[in-house]
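Chain by chain, the residues:
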Amino acid sequence: MSAHSQDEYFNLIDRLLKCPSGQEPEILDAQPDLLNADLVKALMQVAMMMSHQDNQDAAKFLIFMARQLSKELGLYPQVSPEQ
């Protein structure tokens, strides 16, 4: 991940944190070129930073976003219930 793309990911994360609830899909849809595994990594990095700064709500939100994006990108393991 280049420094330029890292800045783009962090700017996108900043917009997600500041947007009104429910507008996240619109923000993500406007940047389809950034929806990839590197964004998931950036979301987790910022979530860890937020957690260390005692901003648990933001950290939980970013982890949720990372998980949802991972599922949509096929990066999240699918565990089938045991029968």
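Here the structure is a predicted model, which is why all the values come from computation and not from measurement. (Residues numbered from 1 in each chain as written. Predicted model: local features only at pLDDT ≥ 70, side-chain atom pairs only at ≥ 80, totals over all residues. Heavy atoms only, no water.)

Student: Whenever I open this one, the overall build of the protein chain confuses me. Can you help?
Tutor: A count of helices and strands for the protein chain gives four helices and zero strands. Walking the protein chain from its N terminus toward its C terminus, one meets helices and strands in the order α-α-α-α. In terms of overall dimensions, the protein chain has a C-alpha envelope of 45 × 30 × 25 Å along the principal axes. Counting over 83 residues, the protein chain shows a buried share of 29%. Long-range contacts, defined as pairs at least 24 residues apart, comprise 58% of the intrachain contacts of the protein chain with a sequence gap of at least 6. Between the mean site of the 6 positive side-chain charges and the mean site of the 12 negative ones, the protein chain shows a separation of 5 Å. (Helix = DSSP H or I, 4+ residues; strand = E, 2+ residues; numbered from the N terminus. Buried < 20%, exposed > 50% of the residue type's maximum accessible area, 1.4 Å probe, protein only. Contact = heavy atoms within 4.5 Å. Lys, Arg positive; Asp, Glu negative; His and termini not counted. Charge placed at Lys NZ, Arg CZ, Asp CG, Glu CD.)

Student: What should I look at first to understand the pattern of salt bridges in this one?
Tutor: Pairing of side chains with opposite charge becomes possible as their charged atoms draw close. Evaluation of the coordinates by the stated rule reveals two salt bridges. Across the pair D14 and K18 runs a salt bridge, and its minimum N-O distance is 3.1 Å. One end of the pair is D14 and the other is K18, both in helix α1 (residues 3-18) and four residues apart, which spans about a single turn. We note a salt bridge from K41 to D38, for which the minimum N-O separation is 4.0 Å. Here K41 and its partner D38 are both found in helix α3 (residues 37-52), three residues apart, which amounts to about one turn of the helix. (Salt bridge = Lys/Arg side-chain N within 4 Å of Asp/Glu carboxyl O.)

Student: For this particular structure, what's the right way to read unusual backbone geometry?
Tutor: Trans is the prevailing form of peptide bonds, just as negative phi is the prevailing case for residues other than glycine. Residue D54 is not a glycine yet carries a positive backbone phi of 60°. The residue D54 is located in the loop between α3 and α4 (56-73) in this model. D54 gets classed as exposed once you look at its relative accessible area, which sits at 66%.

Student: Just to check I follow, could you spell out the environment of A30 for this structure?
Tutor: Along the chain, the position of A30 falls in the loop between α2 (24-29) and α3. The exposure class of A30 is exposed, given its relative accessible area of 57%. Residues A30 and L12, 18 residues apart in the sequence, show an inter-C-alpha distance of 10.0 Å.

Student: What should I look at first to understand the packing of α3 against α4 in this one?
Tutor: Any two packed helices are characterised by the angle at which their axes cross and by the distance between the axes. In the contact formed by α3 and α4, the axes pass within 8 Å of each other and the chain directions differ by 165°. With respect to each other, α3 and α4 are oriented roughly antiparallel. The way α3 lies across α4 gives a crossing that is left-handed. Here α3 contributes A37, L39, V40, L43, M44, V46, A47, M50 and S51 to the contact with α4, which in turn contributes Q56, A58, A59, L62, I63, M65, A66, L69, S70 and L73. (Axes fitted to C-alpha atoms, helices over the stretch in contact; angles between N-to-C directions. Parallel < 35°, antiparallel > 145°, perpendicular 65-115°, else oblique. Left-handed = near helix turned anticlockwise from the far one by under 90°.)

Student: What is the right way to read the environment of M50 from this model?
Tutor: Of note, M50 is situated in helix α3. Between the alpha carbons of M50 and K60 there is a distance of 9.1 Å; along the sequence they are 10 residues apart. Beyond its immediate sequence surroundings of up to four residues, M50 is in contact with L17, N55, A58, A59 and L62.

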